[in-house]
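Per-entry structural report
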Amino acid sequence: MSIVVPKYRVYDDANSVKPNLALLLLKTQEAAYFVLWDLTPFGEPIRQLTYDVASRSITSRQVVLGANILTGDTSITLDSSTKTRVTPGHVLYHPATKQRFVLDTANTSSGVCNIRDVVQASGGSRTQVNSGQTLYILSVSEHFDQINAVSRYEDTSYTTNYIQDFTEMLEFSTADLREMRKWGIDKQTRIKERMRDMVKDLNRSLMYGAPLAASAGHSSMTAGFDYVVDLAGSKVAAASSGTADLADIRGVLKQLYKNGVGPGDGLVLHMSANVYYKYETAGLAEVNLQGTPNADFVIGNTVKGLHFAGLGFVPFYADPLCDDDVVRFICTSQARKSYYQGLGEGAILEGPRIIDEISLSNSKIEKSTIQQKWGTVFLNTDKCHYLLTGTGLNT
């Protein structure tokens, strides 16, 4: 425990005399208040007050039939959601009947593809394949003497987000001045205390914020993780509320792995302390961190989580400022928080700064403001992030 002996002077007024029992000033306990804020990396400065966060879809390499394929058909029809995934020459494989359909032409507007060849398993025969069946896409089989290449395309989706202006006034009152005289609590200490509270607020904004455009009488807000991931539909409910079932966690990890998330994407799980301890009781693995100069460590140089094939070790983090039963799967390679920097020569980066205000009154009380403009960027929310809801474990 750190003990600070404050410097003070005794004045005539009673408010400046310390109570007899107040002999020592203890250092304020500093818990891990900024877990999500620290887990989310800083990105490049954002150059516009209103900006779009775009992402490219990653389509599965399979198609779905929009109509039956009869044994004598010379064409197949793909459904509207998968018709743009193939080009002339692609081979489609139906695993149930072990048939390979080699496409001659592919119409991405109608979904109708002409069949060049049908290849069955050894000793097999051509068999009807019904509408709604899934066929896997194999590599293109093209003629040696010609190229019939047609560009295949993915779709771009985007969400609009906004820079949030975070400015707070610090007006030092008479009570603050007395604290300075009694305890040695100077202006720098007061600013540190307020900064601590402000980062707590920023930490919660990363969770629960929602985008709001600035307009007459309305200030802007930036989007939080829960809002954008929920909007993308990347969420699933726990199988049984009130049960810390690691199968729920593994189910989401499996889906993220199938979506393309890998061991280098920095996947972490974020949750409240109550939820964390329930999963810890259910059984989490523990790894020791290897020390390197200037490395950041959690308490004890260890983290707990799960080992998952294809993803490696996935750490769990408890956040004392989180008070819900949601488990957040955050792909840190696809998440950023950024400060605003305007366009043009001499535009400053509006990160955290303290500005002393000039008082135009007769008051000697000091005024300062803590200012910053910041925004969030969560990429590929339909593929790389997830919410596990309804766990019922925040008790």
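Residues numbered from 1 in each chain as written. Predicted model: local features only at pLDDT ≥ 70, side-chain atom pairs only at ≥ 80, totals over all residues. Heavy atoms only, no water.

**Section: the overall build of the protein chain**
The test is simple: Helix numbering and strand numbering both begin at the N terminus, where a helix is a DSSP run of H or I of at least 4 residues and a strand a DSSP run of E of at least 2. Burial here depends on accessible area, computed with a 1.4 Å probe over protein chains only, as a share of the maximum for the residue type. Under 20% is buried, over 50% is exposed, and the range in between is partly exposed. Contact between two residues is taken to exist if any of their heavy atoms lie within 4.5 Å; hydrogens are not considered. Residue-level accessible areas treat just the shown protein chains as cover; the underlying method is Shrake-Rupley with a 1.4 Å probe.
Along the backbone of the protein chain there are six helices and 21 strands. The burial tally for the protein chain puts 37% of its 395 residues in the buried class. The long-range fraction of contacts in the protein chain, counting pairs at least 24 apart against all pairs at least 6 apart in sequence, stands at 72%. Surface exposure of the protein chain reaches about 21,900 Å², of which carbon and sulfur atoms provide 51%.

**Section: the packing of aromatic side chains**
For clarity, the threshold we go by: Paired rings are identified among Phe, Tyr and Trp, the last through its six-membered ring, by centres lying within 6.5 Å, and are further divided according to the angle between planes into stacked (under 30 degrees), edge-to-face (over 60) and tilted (the rest).
Under the defined criterion, the tally for this structure stands at six aromatic pairs. Aromatic pair tryptophan 37 and phenylalanine 42: ring centres 6.1 Å apart, planes at 85°, arrangement edge-to-face. Of the residues examined, phenylalanine 42 reaches a relative accessible area of 44% and is grouped as partly exposed. A centroid spacing of 5.6 Å and a plane angle of 70° characterise the contact between tryptophan 37 and tryptophan 374, whose relative ring orientation is edge-to-face.

**A look at the pattern of salt bridges**
Going by this rule: Criterion for a salt bridge: a side-chain nitrogen of Lys or Arg within 4 Å of a carboxyl oxygen of Asp or Glu.
Applying the stated criterion across every chain yields a total of 12 salt bridges. Its salt-bridge partner being arginine 116, residue aspartate 104 comes within 3.4 Å of it at the nearest N-O pair. With aspartate 104 in strand 7 (residues 99-106) and arginine 116 in strand 8 (residues 112-119), the pair connects residues that are 12 residues apart, well separated along the chain. With a relative accessible area of 30%, aspartate 104 lands in the partly exposed category. As a salt-bridge pair, glutamate 280 and lysine 304 come within 2.7 Å of each other at their nearest N and O atoms.

**Concerning the pairing of strand 13 (residues 267-272)**
Heads up, the rule is: We call two strands paired when DSSP finds no fewer than two bridges between them.
By the criterion of burial, strand 13 is predominantly enclosed, with six of the six residues buried. Pairing geometry for strand 13 and strand 17 (residues 327-331), over four bridges, is antiparallel. When the sheet's bridge partners are listed, leucine 269 is paired in strand 17 with phenylalanine 329. Here strand 13 pairs with strand 16 (residues 312-319) via four bridges, running parallel.

**Describing the sheet that holds strand 4 (residues 62-64)**
Each strand in a sheet pairs with another by means of backbone hydrogen bonds, the pair being arranged parallel or else antiparallel. In plain terms, the rule: Angular values range over 0 to 180 degrees, each being the angle between N-to-C directions of two axes fitted as lines to C-alpha atoms, with helices fitted over their stretch in contact.
Read from one edge of the open sheet, six strands run 4-9-6-7-8-5, paired in antiparallel fashion. What marks the edges here is a single partner per strand, and that holds for strand 4 and strand 5 (75-77). On average, each strand axis in the sheet is tilted by 40° relative to the strand beside it, whichever way the strands run.

**Some thoughts on the confidence of the model for the protein chain**
We count it as follows: The quantity known as pLDDT measures the predictor's confidence residue by residue, on a range of 0 to 100.
With 80% of its residues at a pLDDT of at least 70, the protein chain reaches an overall mean of 83. This model gives residues 1-27 a pLDDT under 50, and the stretch forms 33 contacts once residues within four places in sequence are excluded.

**A short note on helix 6 (residues 273-283)**
We count it as follows: Note that the arc is defined by the directions from the helix axis to the C-beta atoms.
When helix 6 is considered as a whole, its buried residues turn out to be Val275, Tyr276 and Tyr279. Projection of helix 6 onto a plane perpendicular to its axis shows the buried side chains occupying an angular sector of 100°, all on one side.

**A few points about the sheet that holds strand 15 (residues 302-308)**
The mixed open sheet is built from seven strands, whose spatial order is 12-21-17-13-16-15-14. Whereas interior strands pair on both sides, the edge strands pair on one side only; in this sheet they are strand 12 (235-237) and strand 14 (285-288). Taken over all neighbouring pairs, the strand axes of this sheet differ in orientation by 30° on average, direction set aside. Across three bridges, strand 12 lies against strand 21 (residues 386-389) in parallel orientation. Following the sheet pairing, alanine 237 is matched in strand 21 by threonine 389. Running over the sheet, helix 6 touches strand 13, strand 14, strand 15, strand 16, strand 17 and strand 21 and is turned about 115° from strand 13.

**Focus: unusual backbone geometry**
Of note in this structure, lysine 98 is not a glycine but carries a positive phi near 55°. Summarising the element assignment, lysine 98 is placed in the loop between strand 6 (91-94) and strand 7. Classification of lysine 98 as partly exposed rests on a relative accessible area of 43%. Here asparagine 380, not a glycine, exhibits a phi torsion of approximately 50°, which is positive. Structurally, asparagine 380 can be placed in the loop between strand 20 (367-378) and strand 21.

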